[in-house]
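Here are the chains, one letter per residue:
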Amino acid sequence: MAMDLERVVEQARETFESGGTRSYFWRRSQLRALKDLLHEKEAAICEALKIDLGKHRVEAYRDEIGFVIKSVDYALQNLKKWMKPEKVSVPLVAFPTTSEVVLEPLGVVLIFASWNFPIGLSLEPLIGAISAGNSVVLKPSELASASSKFLATNLPKYLDNKAVSVIEGGPLVGQQLLEQKWDKIFFTGSARIGRIIMTAAAKHLTPVCLELGGKCPAIIDSLSRSRDVKVAINRVAGAKWGFCSGQACIAIDYLLVEEKYAPFLVELLKEKIKNCYMRPADLTRIVNKHHFQRLREIIEDPLVAATVVHGGSLDQENLYIEPTILLDPPLDSEVMKEEIFGPLLPIITLKKIGDSIEFLKGRPKPLVIYAFTNDEKLKKRIIEETSSGTVTFNDAVIQFALDTLPFGGTGESGFGKYHGRFSFDQFSHRKAVMRRSFCLEFSFRYPPWNERKLQFLRYLYSFNYIGLLLLFLGLKRCSST
Ligand code: NAD
């Protein structure tokens, strides 16, 4: 196996070194082929997602197939522009010079994907990697084995299989891959494995991008207009129970609410669950027994169980957990210490909604902070006084679909951005190119030093043109020294 793997990496490198992946035409053809794959194999992808996660066809299209098609289209529309060298201005000190930033592919890149959006989170970074002209080895998650098999079978049929390969397997294969030399490692997964990735990358000084998780809070202000309340409830419920059953890095993890508003909010959420989230067929199931058991232990902690105000029933055979609301579980319990990654929604009450800022400041920086509010002062405080990968006001999750915004974490939620142009940049080296001619040679740059040269440099760096003019003739005399 290790030999096969080495051969795959070698081939990816040979292909890259041959220069084949650099042309605009190669990149465009790969993006188009990816789009063909998504269109032609929609049914097979839905089937794989059904097997892996019981994902509904609509959810599969919304979050994975359609989502990736949108990103491919965006890359196709912008690829030429992204590839163009960027002219930059030049300071007087280097006159006459032209300069530009050339976007160079990195080489052979390794992409690790997680299981919760096994197609989307494999292909979204792949779009960036091939747009930027790299060879790629993709390792999907072994926990979504049908999706992993789908990618391993179909990507080589549609894409240039000398430049893009899929290696299937779990941690052992992951470790073997990490022993190879890469030009970039792009990792989506947990902070625990993220640390392993970074440690391995250090050996070859390989740059990494870590897309990790964490607890994304949603601050729910006491909204007064009934229309706003209705929309907020739709969006909060959608971002928890209608989005991979909360098994998502950007799902709402918990709510922060004023004490007096909490009972009203609980009633509305219960009503929403009753109307939209009761049929198991509409809900993505828990990925496997291990995660089911993990969530069971969280919910069966007596101090947490006592705070359940809705739901709480579990069906182990079908790996189904009912949408569950917890009111004020202990802050030192597992449910409030670790990323939940499941359909449990804790509501934490505060005296004043403004206290949410202090609450967040003392905790690890999340991937996203959501806030549902019309209070502009509160919005400003959230932007200025808290830190997170993203801040989204009055909606949740949808920000992930914006190709024009960088997506990624900060602190514990990871580092490095992608999506749209940011993906292209993530997989490119911004090479500085400076062009000069042999004319205009000034002696002020070289010894022997004198006060006049120092004065000239002072004027030059401060753009003092008059001073420069006055000194110019004098320096001309020095230019032969
Ligand atoms: P994980 O860290 O267990 O696995 C991620 C990948 O690493 C998988 O491909 C896995 O096979 C591989 N892997 C596991 N152990 C390894 C090892 N020892 N050496 C090398 N590779 C190894 O994560 P997961 O359970 O698949 O995903 C859930 C986590 O991912 C959550 O924390 C979630 O928040 C995070 N996540 C983040 C994003 C994001 O975009 N920021 C998106 C989805 C999930």
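Residues numbered from 1 in each chain as written. Predicted model: local features only at pLDDT ≥ 70, side-chain atom pairs only at ≥ 80, totals over all residues. Heavy atoms only, no water.

The name an unreviewed UniProt entry assigns to the protein is Aldehyde dehydrogenase, from the organism Dendrobium nobile. Recorded in UniProt for the protein, the comment headed Sequence similarities (unreviewed entry) runs: "Belongs to the aldehyde dehydrogenase family." Its UniProt record, at the heading Catalytic activity (unreviewed entry), says of the protein: "an aldehyde + NAD(+) + H2O = a carboxylate + NADH + 2 H(+)". (UniProt positions renumbered as here; feature names shortened; annotations may be inferred.)

Caption draft 1: Molecular detail of unusual backbone geometry. The step from Phe95 to Pro96 runs through a cis peptide bond, and the omega angle for that step is -5°. Checked against the element boundaries, Pro96 lands in the loop between strand S1 (86-88) and strand S2 (97-105). The residue after Pro447, namely Pro448, is reached through a cis peptide bond having omega 0°. In this structure, Pro448 sits in the loop between strand S18 (428-436) and helix H17 (451-461). Despite not being glycine, Ser245 shows a phi value in the positive range, around 50°. Secondary-structure assignment places Ser245 in the loop between helix H9 (226-238) and strand S9 (254-258). The class of Ser245 is buried, set by a relative accessible area of 4%. (Helix = DSSP H or I, 4+ residues; strand = E, 2+ residues; numbered from the N terminus. Buried < 20%, exposed > 50% of the residue type's maximum accessible area, 1.4 Å probe, protein only.)

Caption draft 2: Spatial organisation of the site of the ligand. Around the ligand, the structure places 28 residues, and the nearest of them are Trp115, Glu142, Ser190, Leu212 and Glu339. For the ligand, an oxygen atom lies 2.8 Å from a polar atom in the side chain of Trp115. At 3.2 Å, a backbone N or O of Gly189 approaches an oxygen atom of the ligand. Taken by itself the ligand offers 840 Å² of open surface, and the protein chains cover 92% of this. Secondary-structure elements contributing two or more residues to the shell around the ligand are helix H7 (171-178), strand S6 (184-188) and helix H8 (191-203). (Near = heavy atom within 4 Å. Polar contact = N/O pair within 3.5 Å; in protein donor to acceptor, adjacent residues only side chain to side chain. Areas by Shrake-Rupley, 256 points an atom, 1.4 Å probe, with all protein chains shown as cover.)

Caption draft 3: Inspection of the domain arrangement of the protein at higher detail. Partitioning the protein into domains gives domain 1 (2-212 + 419-431), domain 2 (217-408) and domain 3 (443-480). Placing a centre on the C-alpha atoms of domain 1 and another on those of domain 3 gives a separation of 51 Å. (Domains from an automatic or database assignment.)

Caption draft 4: Quick look at the sheet that holds S2. The three strands are arranged S1-S2-S18 in an open sheet whose pairing can be described as antiparallel. Where the open sheet ends on each side, the last strands, each with one partner, are S1 and S18. On average, each strand axis in the sheet is tilted by 30° relative to the strand beside it, whichever way the strands run. As defined by bridge partners, S1 adjoins S2 across three bridges and the pair is classed as antiparallel. Bridging across to S2, Lys87 finds its partner in Glu100. (Pairing = 2+ DSSP bridges. Axes fitted to C-alpha atoms, helices over the stretch in contact; angles between N-to-C directions.)

Caption draft 5: Local environment of the sheet that holds strand S15 (residues 368-372). An order of S10-S13-S14-S9-S8-S15-S16 is seen for the seven strands of this open sheet, with the pairing classed as mixed. Every interior strand has two partners, whereas the edge strands, strand S10 (308-310) and strand S16 (390-393), have only one. Neighbour to neighbour, the strand axes of the sheet diverge by 25° on average, direction disregarded. Pairing of strand S8 (residues 217-220) with S15 involves three bridges; the strand directions are parallel.

Caption draft 6: Seen up close, the environment of Leu34. Of note, Leu34 is situated in helix H2 (residues 24-40). Taking C-alpha positions, Leu34 is 9.7 Å from Leu126, a pair spaced 92 residues apart along the chain. For Leu34, the residues in contact, after removing those within four places along its chain, are Val72, Leu123, Leu126, Ile127, Leu155 and Leu159. (Contact = heavy atoms within 4.5 Å.)

Caption draft 7: Representation of the nonpolar core in the model. Residues Leu126, Leu155, Ile250, Leu255, Leu269 and Tyr370 are the most contacted members of the largest nonpolar core, which totals 87 residues. It is helix H4 (residues 57-83) that contributes the most residues to this core, nine residues altogether. Counting the residues that make up this core, at least three belong to each of domain 1 (2-212 + 419-431) and domain 2 (217-408). If we skip the residues at most four places from it in the chain, Leu255 touches Ala218, Ile220, Val236, Leu265, Leu269, Leu345, Pro346, Ile347 and Ile348. In this structure, Ile219, Ile321, Leu326 and Ile353 belong to the second largest nonpolar core, which totals 26 residues. (Core = buried A, V, L, I, M, F, W, Y, C linked by side-chain atoms within 4.5 Å.)

Caption draft 8: A look at the packing of aromatic side chains. One pass over the structure, following the stated rule, counts 17 aromatic pairs. On the numbers, 6.0 Å between centres and 55° between planes, the contact of Tyr74 with Trp82 is tilted. Given the relative accessible area of 21%, Tyr74 is considered partly exposed. On the numbers, 6.3 Å between centres and 40° between planes, the contact of Phe442 with Phe456 is tilted. Pair noted here: Phe442 is in the loop between S18 and H17 and Phe456 is in helix H17, with a separation of 14 residues, a long-range link. An aromatic cluster of three or more residues is present, and its members are Phe67, Phe186, Phe400, Phe407, Tyr418 and Phe427. Cation over ring: Lys70 sits above Phe67, and NZ or CZ is 4.7 Å from the ring centre. Its guanidinium or amino end placed over the ring of Phe359, Arg363 lies 3.7 Å from that ring's centre, counting from NZ or CZ. (Phe/Tyr/Trp six-rings, centres within 6.5 Å; stacked < 30°, edge-to-face > 60°. Lys NZ or Arg CZ within 6 Å of the ring centre and 35° of its normal.)

Caption draft 9: How the structure looks around H2. With 17 residues, H2 extends 24 Å from end C-alpha to end C-alpha; this agrees with the ideal 24 Å at 1.5 Å per step. Among the residues of H2, those classed as buried are Tyr24, Trp26, Arg27, Gln30, Leu31, Ala33, Leu34, Leu37 and Leu38. Against helix H3 (42-53), H4, S2, helix H5 (120-131), helix H6 (145-158) and helix H16 (420-426) lie the buried residues of H2. (Expected span 1.5 Å × (residues − 1).)

Caption draft 10: Representation of the environment of Lys377 in the model. Assignment of secondary structure puts Lys377 in helix H15 (residues 376-385). Note: C-alpha distance between Lys377 and Gly354 (23 residues apart in sequence) is 9.8 Å.

Caption draft 11: Seen up close, the pairing of strand S13 (residues 324-327). Pairing between S10 and S13: two bridges, direction antiparallel. Along S13, the bridge assignment pairs His310 with Ile325. As paired elements, S13 and strand S14 (residues 344-350) share four bridges and run parallel to each other. Residue pairing for S14: Leu327 is matched across the bridge by Ile347.

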